[in-house]
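Listed below, chain by chain, are the residues.
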Amino acid sequence: PIGERQGIQGKKCGTIIVKAEELNNCRESVMMQFCGNKLDKKDFFGKSDPFLVFYRSNEDGTFTICHKTEVVKNTLNPVWQAFKIPVRALCNGDYDSISFVKSVLDVCFVPFATALIRLLPNASQVTLLSFLVDIEVTFLDYIKGGTQINFTVAIDFTASNGNPAQPTSLHYMSPYQLNAYAMALKAVGEIIQDYDSDKMFPALGFGAKLPPDGRVSHEFALNGNPQNPYCTGIDGVMEAYYQSLKSVQLYGPTNFSPVINHVARYAASVKDGSQYFVLLIITDGVISDMAQTKESIVNAASLPMSIIIVGVGPAEFDAMVELDGDEVRISSRGRFAERDIVQFVPFRDYIDRTGNHILSMARLAKDVLAEIPDQFLSYMRTRGIKPSPAPPPYSPPSQPIQTQI
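Quantities reported herein were computed from a predicted structural model and do not represent experimental measurements.

Caption draft 1: Spatial organisation of the overall build of the chain. The helix and strand tally for the chain stands at 9 helices and 19 strands. In the chain, buried positions account for 46% of the 405 residues. For the chain, restricting intrachain contacts to residue pairs at least 6 apart in sequence, the fraction spanning at least 24 positions comes to 77%. Accessible surface for the chain amounts to roughly 21200 Å². Of this, 53% is attributable to carbon and sulfur atoms.

Caption draft 2: Structural context of the pattern of salt bridges. Scanning the model with the defined rule gives 7 salt bridges in all. Across the pair E219 and R265 runs a salt bridge, and its minimum N-O distance is 3.0 Å. Highlighted residues: E219 in the loop between β11 (215-217) and β12 (220-221) and R265 in helix α5 (residues 257-268), separated in sequence by 46 residues. With a shortest N-O distance of 2.7 Å, E338 and R383 are connected by a salt bridge. Within this pair, whereas E338 is found in the loop between β18 (335-336) and β19 (342-346), its partner R383 is found in the segment after α9 (372-382), the two being separated by 45 residues in sequence. R383 gets classed as partly exposed once you look at its relative accessible area, which sits at 32%. Linked by salt bridges that have partners in common, E295, R333 and R335 make up one network.

Caption draft 3: Structural context of the sheet that holds strand β10 (residues 208-210). Pairing is antiparallel across the open sheet formed by 3 strands, whose spatial order is β11-β10-β14. Because the sheet does not close on itself, it has two edges, and the strands there are β11 and β14 (249-250). Where β10 meets β11, 3 bridges bridge the pair, whose relative direction is antiparallel. Opposite K209, over in β11, you have V216 as the bridge partner.

Caption draft 4: Up close: the side chain of N150. On the secondary structure map, N150 appears in strand β8 (residues 148-156). On the basis of relative accessible area, N150 is assigned to the buried category, the value being 19%. Aside from chain neighbours lying at most four places away, what touches N150 is D196, Q275, Y276, F277 and V278.

Caption draft 5: Summary view of the packing of helix α3 (residues 180-192) against helix α8 (residues 357-368). Running from N to C, α3 and α8 point in directions that differ by 60°, and their axes come no closer than 9 Å. Between α3 and α8, the interaxial angle falls into the category oblique. Remark: the crossing between α3 and α8 carries right-handed chirality. Where α3 approaches α8, its residues M183, A184, K186, A187, V188 and I191 are matched on the opposing element by H357, M361, L364, A365 and V368.

Caption draft 6: Focus on α3. The end-to-end C-alpha distance of α3, which contains 13 residues, comes to 18 Å, matching closely the 18 Å that a straight helix rising 1.5 Å per residue would cover. Extensive coverage of α3 is indicated by the burial of 10 of its 13 residues. The secondary structure elements touched by the buried residues of α3 are β8, α4 (233-247), β15 (275-283), β16 (305-311) and α8. Looking at where α3 begins, the residue whose side-chain oxygen comes 3.0 Å from the main-chain nitrogen of Y181 is N179.

Caption draft 7: Structural detail: a nonpolar patch on the surface. Together, L128, F131 and V133 make up a nonpolar patch on the protein surface, roughly 280 Å² of accessible area in all. By secondary structure assignment, the location of V133 is in strand β7 (residues 125-135).

Caption draft 8: Highlighting the packing of aromatic side chains. What the rule picks out here adds up to 11 aromatic pairs. With a centroid separation of 6.2 Å and an interplanar angle of 65°, the aromatic rings of F157 and Y241 are classed as edge-to-face. Note that F157 is positioned in the loop between β8 and α3 and Y241 in helix α4, a separation of 84 residues in sequence. When its relative accessible area of 0% is taken as the criterion, F157 is described as buried. Here the aromatic residues F139, Y142, Y195, Y276 and F376 are joined through ring pairs into a cluster of three or more.

Caption draft 9: Just the packing of α3 against α4, in detail. Running from amino to carboxyl end, α3 crosses α4 at an angle of 160°, the nearest separation of the two axes being 10 Å. Relative to α4, the element α3 is oriented roughly antiparallel. In the crossing of α3 with α4, the sense of the turn from one axis to the other is right-handed. Taken together, the residues of α4 that come into contact with α3 (itself represented by Y181, A182, L185, K186, G189 and E190) are I234, D235, V237, M238, Y241 and Y242. Its residues assigned to classes, the contact of α3 with α4 shows 8 nonpolar, 1 polar and 3 charged.

Rules and cut-offs
- Residues numbered from 1 in each chain as written.
- Predicted model: local features only at pLDDT ≥ 70, side-chain atom pairs only at ≥ 80, totals over all residues.
- Heavy atoms only, no water.
- Helix = DSSP H or I, 4+ residues; strand = E, 2+ residues; numbered from the N terminus.
- Buried < 20%, exposed > 50% of the residue type's maximum accessible area, 1.4 Å probe, protein only.
- Contact = heavy atoms within 4.5 Å.
- Areas by Shrake-Rupley, 256 points an atom, 1.4 Å probe, with all protein chains shown as cover.
- Salt bridge = Lys/Arg side-chain N within 4 Å of Asp/Glu carboxyl O.
- Pairing = 2+ DSSP bridges.
- Axes fitted to C-alpha atoms, helices over the stretch in contact; angles between N-to-C directions.
- Parallel < 35°, antiparallel > 145°, perpendicular 65-115°, else oblique.
- Left-handed = near helix turned anticlockwise from the far one by under 90°.
- Expected span 1.5 Å × (residues − 1).
- Polar contact = N/O pair within 3.5 Å; in protein donor to acceptor, adjacent residues only side chain to side chain.
- Patch = residues over 30% accessible without salt bridge, like charges linked within 9 Å, V, L, I, M, F, W, Y side chains within 5 Å.
- Phe/Tyr/Trp six-rings, centres within 6.5 Å; stacked < 30°, edge-to-face > 60°.
- Nonpolar A, V, L, I, M, F, W, Y, C, P; charged D, E, K, R; others polar.

Treat this as a map of the structure, not an account of what it does.
Put into C-alpha cells, the structure is as follows:
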C-alpha cells in the first residue's frame, strides 16, 4: 500500500525515495514497469484512466516532471508500459553530473477527467514489476567503434541564383569574400569531415545545362567525372564547385529527389551500422518536385542517412519547413517517415550583422549539425545495432626494435 503524504501544492500523493551516488559522468538509465491494483475510480461518467506521473524534487522546493506513463488499459488494475528514465533526470544537477544525493519521485494517480485520486491505505496498491539499469550509448561510442560518416554535397545550379558573373548573384565569385554557397559548404563540411576517415567527398550539382550538348541534369558530378565524383577534402569540393560555375549553364527546375535517391542507393547497401550517410543540400529557391522529394525522404528514413538543407538568399522556404518534419512527421501517399531525418535552416538567420563571416559560419554549423547525433542514434537503436568496442590505444614498444641487414 502507498501511504499518504503532503506533496505537490498541498495535494496528497504517494512517494518513492531513490538514492543516487554522486558521479562525474553518469550514462546509466533505469527501465521500470509498474502495475496498479484496486485503484479508486473517481470518474463517474466514463472509464477511469489512471496514469503515473514522476516528479523530481529540486533543492529549491520546486518539482520537475521526469516522466508520465501512457494509459494502456482503462481499468482499475492497469499495467503501464515499461519506460526508461536517465539517472541524471532523477537528480539535481546538469546533464553530466549528479549533484544531489537523494531524489524524491512523487507518484501520483490522476484520471484525465478528475482531480488527484486519494489513494486509500491497505486498498490501492502499486507494484514494481521490473527494474533494469542500462548504459546509454552515445554518437561518439559508435565513431570510436569504427562507424564511418560518409558526407555528400549537392549544390543548386538553377537560374534563379542569378548570373554568376554579376555581384548580385548568389553564386558570384568575389575575390574578397566567400559567397553564401561557399560559406554554407565550408561551415558544415569542415566540421563533418573530421568524422570521415578518408576525407573523400562526392560533390553533386543539380538544375544546370551541361556541356557539350546542353542537356539538363539534376545529378551531375562537380568534378566532371560521373564515374568518380569524389573530391579530396572540403577544399577539393570548393575547387570543383568553382570550376563547375565556369563550365555549366544555370537553368532549372529545382529538383531534390535525384540527389536524395543517389545517396539512398549507397545507404541501402550498408545497413549493418558500419556506415552512416549525411547529404548536405544547398539551395536558393522553391522546390519543384515536392511530391517526389517527399517520397524519397520517406523511403530514405528507413536507411542509415540524414539530410541537411541550407537555404540561401531571400526566397520563402515554407516548403522546406514541411520537409523538416520537426512538428509534423513527413508523409507520402499515406505512408509516414519512420523517423525524422531532415534538418532545414535558412542561412540568412545566421548572418552576423557586423559582417563577421566566421561567426556566421560557426552559428550555422552549430545548428545544422545539432540533430545529426540524435538521428544517427535513432537509426541504430531501432535496428538494435550496438557500437563495436573501441580499439585499444596505441602504445609504443618498450624496447626498440632491432633489425639486421
